[in-house]
Amino acid sequence: MDLLRFITAGSVDDGKSTLIGRLLYDSKSVFQDQLEAIEKTGQVNGQINLALLTDGLKAEREQGITIDVAYKYFSTPKRKFIIADAPGHIQYTRNMVTGASNSDLAIILIDARKGVIEQTYRHSYIASLLKIPHVVICVNKMDLVDFSKERFDEIVEDYKNFASDLDFKGLEFIPISALNGDNVVDTSPNMSWWKGKTLLGYLEDLEIEVDETKHEPRFPVQYVIRPQTEDHHDYRGYAGQVRSGLFKKGDDIAVLPSGLRSKIKSIYTYESEVEEAFAPMSVTILLEDEIDISRGDMIVTDKHQPIVSQDIEAELCWMDAKSLVPGNKYLLRQTTGSVKSAVKEISFRIDIQTHEKLESSQLALNEIGRIKIRTAKPIAFDSYFENRGTGSFVLVDEGTNNTVGAGMIVGAY
Amino acid sequence: MTTRTRLSHLQQLEAESIYILREVAAQFERPALLFSGGKDSITLVHLALKAFRPGKFPFPLVHIDTGHNFKEALQFRDDLANRIGEKLIVRYVQDSIDQGKAVEEKGKFPSRNAIQTVTLLDTIEEFKFDACIGGARRDEEKARAKERVFSVRDEFGSWDPKLQRPELWNIYNGKIHVGENVRVFPISNWTELDVWEYIKAENIPLPSLYFSHKRQIVWRENVVFPVSEFVTLDSSDKVEEKTVRFRTVGDMTCTAAVESEANSLDDIIREIQTSRTTERGSRLDDKRSEAAMEERKRGGYF
C-alpha cells in the first residue's frame, strides 16, 4: 500500500470543505460518532452539512470558513491518502504554500457558474511555483449549470489558455458536484457524457513518482550518534533521512561544504546493517575515515555534486506582516542546516494574477518575488526545480523566531 | 517500478517520525518524551529506539500521573523504562491538589483530565523542558487536525491556533524564547489503524488492557464504563460483567471500554477496520462540548 499526499485549493464557497467531506463520506471513512456530531450541529436543505467534517476550530465553525491548514486521512483498498485542506482566502496564501510544500498533487476547484477566476490563477500559480507534479481541476457545482457539457468544455478551454505558461507534469479535468456526489466517488448518472474517471478513481490510479533513486544521492546530516560506551567505543554514526537518491555500502562520498572525502563503511537501521539506503529512509551512516562532520553538512556521492555557494537566488513567498526589504537579516534554514543570511536584492515581484514581473522595493505579506540572498557561510544546495528537498529553505526572524519566508532556490548568482 | 526503491506507507511514516525525533534532539537543549503507557506513546518509545540506538535517548520519559490511571498501564510503564534502561520521571496530579494548585472536580463524573495540565506545566517549569514530545495524532480529533508537528506554546503553555508558524517541506522551526516550549508530535500523520498495523509489524508489546478481558462495568452515556474506586456509583447504576477491551487508555474516570472479543493484534486490526466509531468516541472528556479538545489545548493541555 502506498501513500498519496494532496492539497485542495479553491475560493471560499467553491465547496472545498464539502468536497473533502464527500470524499470521506462516500469512501466510508466517516465514523458514526462524527456523523452524529455534525447531524446535531445542523443540516443544510435537509442534507448533512459535510463541510462540518473538516472545519475543526470554533472560529471556523462560527464563521463557516477555513482558517488554517487541516490534515485529513482516509484510505481505500488501493491507497492511503493524506489531505492538506488549505484555506482559500487571499490572506491565507501562506497556508496554501504550507500545504503545497509536501504534496504530490493539487486539487483546484472551480465553480462551474463562475468559471476561471482570480483565485484560480493564484492557486494554480502556487501549485506550479511549488512544483506540485500533478494538478486536477475539479469543475464543481455542475448541478447548478444543468450538468452542461458545453459549460465544462468552455471552462477547460479557458483554463488551458490561462495555464499555458505554467509547468505541470500532469493536468486533468473532472466535472463534479461535491454536494450531491456526482463523479466524486461514484460515476454520475447525470453526466453520461463524461467518459473519464471519477475523482477518487483518478486519485487511486495516479502513478506518482516513486523512483527516488534516479535523483542524485543527498544525505543531510541531522544528528551525530556517539554512544561512547564500552561496546561502542569508537562508534560515530551520522544519522539522517536520505533526501534523494540511493547510497550503497562502499560508495565514495564527499562531505559538503568542506569537500572532505571518504567511503561509506556501513549503513544501519535500528535492527540491522543494510546494504543500501534510499529516499526517504531514516538511517545511520558510518564512514571509513574519521573526518569532521556535523549537523547541517551534506553527504553526497562523488559524482553530480550540488552547488556550494554563499550567493543564492530564489523565489520567495513572504509570510510575515512586516514587509521584506533588502538589507534585512534572517536565519536561513535549509535541509538540516541553519545559517545567518542577508537579503541583498529584490529582483522583482510577481503579480500572481497576470504572472507579470513587477519592479518592487519590498515584499509584503503573501507576496511572491525573486530575491538574491547572501549567507554567512557557504551552503550546499540544488535548484528547487531539480530537487525539492535540497532546493527549499525557510527564513526565520531572529527577533520573533517566526518562520517568515518560504524559499525555492533558482541557483547561485 | 521496483519494490526495492519503494517504502510502504508504514515505512514512510516511520522514516518521517524518526526524522522528527532526531530534529528534536538536535534543536532543543532539554527535551522530554511524554509517556503514559498507552499505545501511542509506546509506539513513540519504539521509534526513539530506532532514532537513537546504539546511543541513549537524548531525553527522559516523563509521565504525569493523575492518580486515576490503570494499574496495568503503570506497571507496563515502569517495566518498559527498566527494560530499555532509560530515565523515567513521574510527577503526580495529587501533589498539585495537595499544594492547592489544582482543584478536584465535583459532581457525578469528576475527571482529573483538565487539572493534569497544571501538573504538566509545573513539571515543564521544574525541569525547564523546552520541548515535549507527545503521541497525539491528527486523526484523533478535529482540533488536533489543525496542529503543527512543532507546536509552539507560550510561557503559559497556551496554544493559539490562529498564530501558528507555517510548517513547510520538512523544515521544522524549533526556535523559541526563554520560557516558551514546543510540543512535538512525531506521529501526527499516523491514523489509529496505522499505529495498530505498525505495532503488529514491529511486534511491540502492549499492556493487557488493549486485549479483551472480563471486567466490571456500568453503562454511562451509552458507553461501557469501567468500575473502579475512582467512580462514584449510585442506585441508578447497574454493575455488570462484560468482555471488553480498551481502544484508548487515559484516566479511569474518562476512558470507556468497548465490548470486544478481540484478543490478538489481528483481531484488533480487523475490529478497527470495520469499526463505525472513532477511538475518541469512547472518551467522555471529548464529549463535554463541541470544542472540548480545542479549549483544553488552548489552556496548555498536551
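Because the structure is a prediction, the values reported are computed rather than measured. (Residues numbered from 1 in each chain as written. Chains lettered and ligands numbered in written order. Predicted model: local features only at pLDDT ≥ 70, side-chain atom pairs only at ≥ 80, totals over all residues. Heavy atoms only, no water.)

1. Some points on a negative patch on the surface
Line of reasoning, step 1. On the surface, A:Asp234, A:Glu288, A:Asp289 and A:Glu290 cluster together into a patch of negative charge.
Line of reasoning, step 2. Positionally, A:Asp234 belongs in the loop between strand 10 (223-225) and strand 11 (237-241). (Patch = residues over 30% accessible without salt bridge, like charges linked within 9 Å, V, L, I, M, F, W, Y side chains within 5 Å. Areas by Shrake-Rupley, 256 points an atom, 1.4 Å probe, with all protein chains shown as cover. Salt bridge = Lys/Arg side-chain N within 4 Å of Asp/Glu carboxyl O. Lys, Arg positive; Asp, Glu negative; His and termini not counted. Charge placed at Lys NZ, Arg CZ, Asp CG, Glu CD. Helix = DSSP H or I, 4+ residues; strand = E, 2+ residues; numbered from the N terminus.)

2. Things to note about the sheet that holds strand 6 (residues 105-111) of chain A
Residues and elements named next belong to chain A.
Line of reasoning, step 1. Reading across the sheet, the 6 strands line up as 4-5-1-6-7-8 and stay open at both edges, with mixed pairing between neighbours. The outermost strands of the open sheet, each flanked by one partner alone, are strand 4 (70-75) and strand 8 (170-175). Adjacent strand axes in the sheet meet at a mean angle of 25° when their direction is disregarded.
Line of reasoning, step 2. Pairing analysis gives 7 bridges linking strand 6 to strand 7 (residues 134-140), with the strands arranged parallel. Bridge pairing in strand 7 places Ile110 opposite Val139.
Line of reasoning, step 3. Sheet strands in contact with helix 4 (residues 93-100) are strand 1 (2-9), strand 4 and strand 5 (79-85), and its direction is about 165° off that of strand 1.
Line of reasoning, step 4. Relative to strand 8, helix 6 (residues 149-162) is tilted by about 155°, and along the sheet it contacts strand 6, strand 7 and strand 8. (Pairing = 2+ DSSP bridges. Axes fitted to C-alpha atoms, helices over the stretch in contact; angles between N-to-C directions. Contact = heavy atoms within 4.5 Å.)

3. What about the nonpolar core?
General note: in soluble globular proteins, nonpolar side chains tend to be found buried as a group.
Line of reasoning, step 1. Core analysis: the biggest nonpolar cluster contains 144 residues, and A:Phe6, A:Leu130, A:Tyr159 and A:Leu203 have the highest contact counts within it.
Line of reasoning, step 2. Leaving out residues up to four positions away in the same chain, A:Leu130 has contacts with A:Val97, A:Ala100, A:Ser101, A:Tyr384, A:Arg388, A:Met408 and B:Trp169.
Line of reasoning, step 3. Membership of the second largest hydrophobic core comes to 22 residues, among which are A:Val221, A:Phe247, A:Phe278 and A:Ile285. (Core = buried A, V, L, I, M, F, W, Y, C linked by side-chain atoms within 4.5 Å. Buried < 20%, exposed > 50% of the residue type's maximum accessible area, 1.4 Å probe, protein only.)

4. Concerning the domain arrangement of chain B
Residue and element names in this part refer to chain B.
Line of reasoning, step 1. Annotation of chain B at the domain level lists domain 1 (9-196 + 290-299) and domain 2 (207-286).
Line of reasoning, step 2. A separation of 23 Å is found between the C-alpha centroids of domain 1 and domain 2.
Line of reasoning, step 3. Each partner contributes to the interface: domain 1 provides 29 residues, whereas domain 2 provides 33 residues.
Line of reasoning, step 4. Taken over both partners, the interface formed by domain 1 and domain 2 buries close to 2600 Å², and the fraction arising from carbon and sulfur atoms is 57%.
Line of reasoning, step 5. Inspection of the region where domain 1 meets domain 2 yields 2 salt bridges.
Line of reasoning, step 6. Applying the counting rule to domain 1 against domain 2 returns 4 residue pairs in polar contact (both at pLDDT 80 or more). (Domains from an automatic or database assignment. Buried area = accessible area lost by both parts, 1.4 Å probe. Polar contact = N/O pair within 3.5 Å; in protein donor to acceptor, adjacent residues only side chain to side chain.)

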